[in-house]
Amino acid sequence: MAARCSVSHNALLSLLPRPMLSSRAPSRLLRPSKVLAMARRGFSSQEDDFASPDDLRFEPPLKIVEYPHPILRARNKGINTFDENLKKLADEMFDVMYKTDGIGLSAPQVGINVQLMVFNSAGERGEGEEIILVNPIVYRVSKKTVLFNEGCLSFPGIYADVERPASIKIDARDITGGSFRVNLSGLPARVFQHEFDHLQQGVLFFDRMTEEVLSSIRSQLKALEVKYESQTGLQSPERIDDYKRREEVAGFGRA
Ligand SMILES: CSCC[C@H](NC=O)C(=O)N[C@@H](C)C(=O)N[C@@H](CO)C(=O)O
Ligand SMILES: [Fe+2]
């Protein structure tokens, strides 16, 4: 059983997408040292933070990118063009999500490094509610956390416990560019946070697992690394055997 912990300032910061931190997040959340660290890590001008038409180009049918492909760890740009192409991308993401038995999907998981996610926690077309979130920002998370046995479409067949806040408050844009604010709890809060992590500097679900839980899926992660190497002829860009937890992933319930 993972240790309970309260939500720290750092934990909340870890949930904020970097492009949004500079301009839209409440400034009381930012320590000067943090802003400086972000700047040193390569935070650049506004234009660089938004996706160009090239960044949003895709060829249907979309395919799920699997661990350890580096696309999953790349930075995701904000979106400021709300056009037919974006609608088509979201539609195609729903298609591949339903086909692969998903309940949520983030754009980097289909090879597009932008701040877009789709989800439907019912997991079936025509049931539940389809939600599209563009440039999401988390502005509040509950102190109460819950454990859930999570799976990720980029890690086929792998499930393990991850602890996350039980509920969450979000600001985002919809597919037409309109701003909205929503409170989520239960499975929708879980799915949102899982997808938000993908958008947040490519945080993957095992980054938030305890050492003990991570050990239980280590061999399956290694098998994906071997598969990547044999399919691409490239060295795996990361190895679970050399895994060092990223400092900025101030997770919940880490050992
Ligand atoms: C609990 S958050 C999972 C979100 C994840 N999205 C992208 O990676 C996802 O859809 N994972 C699937 C493996 C999943 O959870 N599918 C459901 C429905 O089949 C399941 O219960 O396994
Ligand atoms: Fe995932």
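Residues numbered from 1 in each chain as written. Chains lettered and ligands numbered in written order. Predicted model: local features only at pLDDT ≥ 70, side-chain atom pairs only at ≥ 80, totals over all residues. Heavy atoms only, no water.

Another point: the coordination of the iron ion (ligand 2). Taken together, the protein ligands of the iron ion (ligand 2) are Cys152 (SG), His194 (NE2) and His198 (NE2), with distances of 2.0 to 2.2 Å. Given four donor atoms and angles of 96 to 131 degrees at the metal, the environment of the iron ion (ligand 2) is assigned as tetrahedral. Read from N- to C-terminus, the donor residues coordinating the iron ion (ligand 2) fall into the pattern C-x41-H-x3-H. Here Cys152 is found in the loop between β4 (145–151) and β5 (159–165), whereas its partner His198 is found in helix α6 (residues 186–199), with 46 residues between them in sequence. For the pair Cys152 and His198, a shared accessibility class is recorded, and that class is buried. (Donors = N, O, S within 2.8 Å, 3.2 Å for Na, K, Ca; no water. Tetrahedral: all angles 85-135°; square planar, octahedral: opposite > 155°, others 65-115°. Helix = DSSP H or I, 4+ residues; strand = E, 2+ residues; numbered from the N terminus. Buried < 20%, exposed > 50% of the residue type's maximum accessible area, 1.4 Å probe, protein only.)

Attention now goes to the sheet that holds strand β6 (residues 167–173). In spatial order, the strands read β1-β2-β3-β6-β7; together these five strands make up an open sheet with antiparallel pairing. Each end of this open sheet is capped by a strand with a single partner; those strands are β1 (104–106) and β7 (179–185). The sheet shows a mean angle of 40 degrees between the axes of neighbouring strands, direction not considered. Pairing analysis gives four bridges linking strand β2 (residues 116–119) to strand β3 (residues 131–141), with the strands arranged antiparallel. Residue Val118 lies in a different strand from β3, and its bridge partner there is Ile132. Here helix α5 (residues 84–99) sits on the sheet and contacts β1, β2 and β3; the angle it forms with β2, its principal contact strand, is near 45 degrees. Sheet strands touched by α6: β1, β2, β3, β6 and β7. Its angle to β2, the strand with the most contacts, is close to 155 degrees. (Pairing = 2+ DSSP bridges. Axes fitted to C-alpha atoms, helices over the stretch in contact; angles between N-to-C directions. Contact = heavy atoms within 4.5 Å.)

What follows concerns the environment of Phe155. By the element assignment, Phe155 lies in the loop between β4 and β5. The sequence separation of Phe155 and Ser216 amounts to 61 residues, and the corresponding C-alpha distance is 14 Å. Other than its neighbours up to four places away in sequence, Phe155 contacts Tyr67, Leu204, Phe205, Phe206, Leu221 and Leu224.

With that out of the way, let us pick up the environment of Ser236. With respect to the element layout, Ser236 can be found in the segment after α7 (211–232). The spatial distance from the C-alpha of Ser236 to the C-alpha of Gly186 is 35 Å, given a sequence separation of 50 residues. With residues up to four places along the chain from it excluded, the contact list for Ser236 reads Pro68, Glu225, Tyr228 and Glu229. A polar side-chain atom of Ser236 sits 2.5 Å from the main-chain carbonyl oxygen of Glu238. (Polar contact = N/O pair within 3.5 Å; in protein donor to acceptor, adjacent residues only side chain to side chain.)

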